[in-house]
Amino acid sequence: MDLKDLLIIAPEVQQALEKGQAVVALESTIIAHGMPFPKNVETALRVEARIREEGAIPATIAILDGHLRVGLNKAELELFGTQGEKATKVSRRDIPFVLAKQQNGATTVASTMIIAAMAGISVFATGGIGGVHRGATTTLDISADLQELARTSVAVISAGAKSILDLGLTLEYLETHGVPVIGYQTDYFPAFYTRISDLGVDYRVDDPAEIAKVLHYKWGMGLKGGVLIANPIPKQFSLSPEVIEAKIEAALSEAHAQKIMGKALTPFLLAKIESLTAGDSLAANIELVLNNARLGAQIAVELAKKEEN
Ligand code: PSU
Ligand code: MN
């Protein structure tokens, strides 16, 4: 198989990579399964614009007509936005099946990391990552995103993780697999809608250039694997911890009652919380993704400078 036929990198992204310029990868599951239409498409476009404002090139990743695609145009973003839950959610496990059937697939954090790394992109901004689910001691529901962070050399910027997950177990899992968790201008692991949880991060770093330096050393010495950069939601957009926790509990019991499992669980919980909080959680979600896009671009710009020399 010729990889050149399978992996299609948009010309603008390809040129930036050849010149050693900053590129930031973006996922497509957040568009298809993470937010409702039309806010999802609107947000995808704003996120790309935010990355450009910081001097980097955005590259949204997806599987389209049986090809691994790096860099989507507006019509392609709209396709995933309107398909919504009908688009297959594709993690590492699912990639070859979607390719073999020449189908479309929305990529999760795990599969976006894989395709970004193939294209030579090392910085990826998203909203929240998958992790160890609450109750995982009996269900064993641990997102493939964590294994991907353990093995694939891409830095992922997220606003921490939603407390639909067991944040403590998620951090333990990352520690076991040698994945550094950096708190950007914070000592605490953020909980997506809220700026802090009761858990600390391994390292606090206050400056994008310093984060780039860490990445440069890690990968420069051949230490493979990802890095999780936790960027708290801006204060003015954060939600009340008590209110959001009650909605999360309600969503979890509904999932339990309906016996929702496997890859359907995370999208089910996300949609449930969205509807239980009316517009509030969606507005917060959009703002934290924009905030992560900006930090991702700043880190990518600094990393590009380092790799020049
Ligand atoms: N968490 C969020 N928003 C999301 C996701 C997770 O707060 O959109 C999506 C991401 O694409 C992530 C995926 O990679 O869900 C994880 O799914 P699972 O738990 O099935 O591995
Ligand atoms: Mn799972």
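Report on the accompanying structure. Computed from a predicted model, the values in this text were never measured in an experiment. (Residues numbered from 1 in each chain as written. Chains lettered and ligands numbered in written order. Predicted model: local features only at pLDDT ≥ 70, side-chain atom pairs only at ≥ 80, totals over all residues. Heavy atoms only, no water.)

Now for the site of ligand 1. Within the structure, ligand 1 sits among 16 residues, and E27, S143, D145, K162 and T266 are positioned closest to it. The contact in question runs from an oxygen atom of ligand 1 to an N or O atom on the side chain of E27, over 2.6 Å. In this structure, an oxygen atom belonging to ligand 1 sits 2.7 Å away from a side-chain N or O atom of K89. Contact with the protein chains removes 93% of the 470 Å² of surface that ligand 1 exposes when unbound. Listed by contribution, the elements that provide at least two residues to the shell around ligand 1 are α3 (29–34) and α13 (265–276). Classifying every residue of the shell around ligand 1 gives five nonpolar, seven polar and four charged. (Near = heavy atom within 4 Å. Polar contact = N/O pair within 3.5 Å; in protein donor to acceptor, adjacent residues only side chain to side chain. Areas by Shrake-Rupley, 256 points an atom, 1.4 Å probe, with all protein chains shown as cover. Helix = DSSP H or I, 4+ residues; strand = E, 2+ residues; numbered from the N terminus. Nonpolar A, V, L, I, M, F, W, Y, C, P; charged D, E, K, R; others polar.)

Turning to the pattern of salt bridges, a few remarks are in order. Applying the stated criterion across every chain yields a total of 10 salt bridges. Close ionic contact of E12 with R52 constitutes a salt bridge, the shortest N to O distance being 2.7 Å. Note that E12 is positioned in helix α2 (residues 11–18) and R52 in helix α4 (residues 39–53), a separation of 40 residues in sequence. Since its relative accessible area comes to 36%, E12 is described here as partly exposed. R52 sits in the partly exposed class, given a relative accessible area of 40%. A salt bridge links D94 to R93, with the nearest nitrogen and oxygen atoms 3.1 Å apart. Shared partners join several salt bridges into a network, and the residues in it are R134, E245 and E249. (Salt bridge = Lys/Arg side-chain N within 4 Å of Asp/Glu carboxyl O. Buried < 20%, exposed > 50% of the residue type's maximum accessible area, 1.4 Å probe, protein only.)

Here we take up the packing of aromatic side chains. Taken as a whole, this structure holds one aromatic pair when the rule is applied. When the ring of F192 is compared with that of Y193, the centres are 4.9 Å apart and the planes differ by 90°; the resulting orientation is edge-to-face. Y193 matches F192 in its accessibility class, with the two residues each being buried. One residue, K162, lies across the ring of F192, its end atom 3.8 Å from the ring centre. (Phe/Tyr/Trp six-rings, centres within 6.5 Å; stacked < 30°, edge-to-face > 60°. Lys NZ or Arg CZ within 6 Å of the ring centre and 35° of its normal.)

Once that is clear, we can look at α4. With 15 residues, α4 extends 21 Å from end C-alpha to end C-alpha; this agrees with the ideal 21 Å at 1.5 Å per step. When we look at burial in α4, the residues that qualify are N40, V41, T43, A44, V47, E48 and I51. The buried residues of α4 occupy an angular sector of 165° when the element is viewed end-on, so they sit on one face. Count one or two residues on from α4 and you reach G55, which has phi positive near 90°. (Expected span 1.5 Å × (residues − 1). Arc of directions from axis to C-beta.)

Before going further, it helps to examine the pairing of strand β9 (residues 181–184). Along any regular strand, the residues point their side chains to alternate faces of the sheet. Neither face of β9 is exposed, since V181 and G183 on one face and I182 and Y184 on the opposite face are all buried. Bridging between β9 and strand β11 (residues 227–230) involves three bridges; their strand directions are parallel. Of the residues in β11, the one forming a bridge with V181 is L228. As defined by bridge partners, β9 adjoins strand β10 (residues 203–205) across three bridges and the pair is classed as parallel. Looking across to β10, one finds that I182 is bridged to Y203. (Pairing = 2+ DSSP bridges.)

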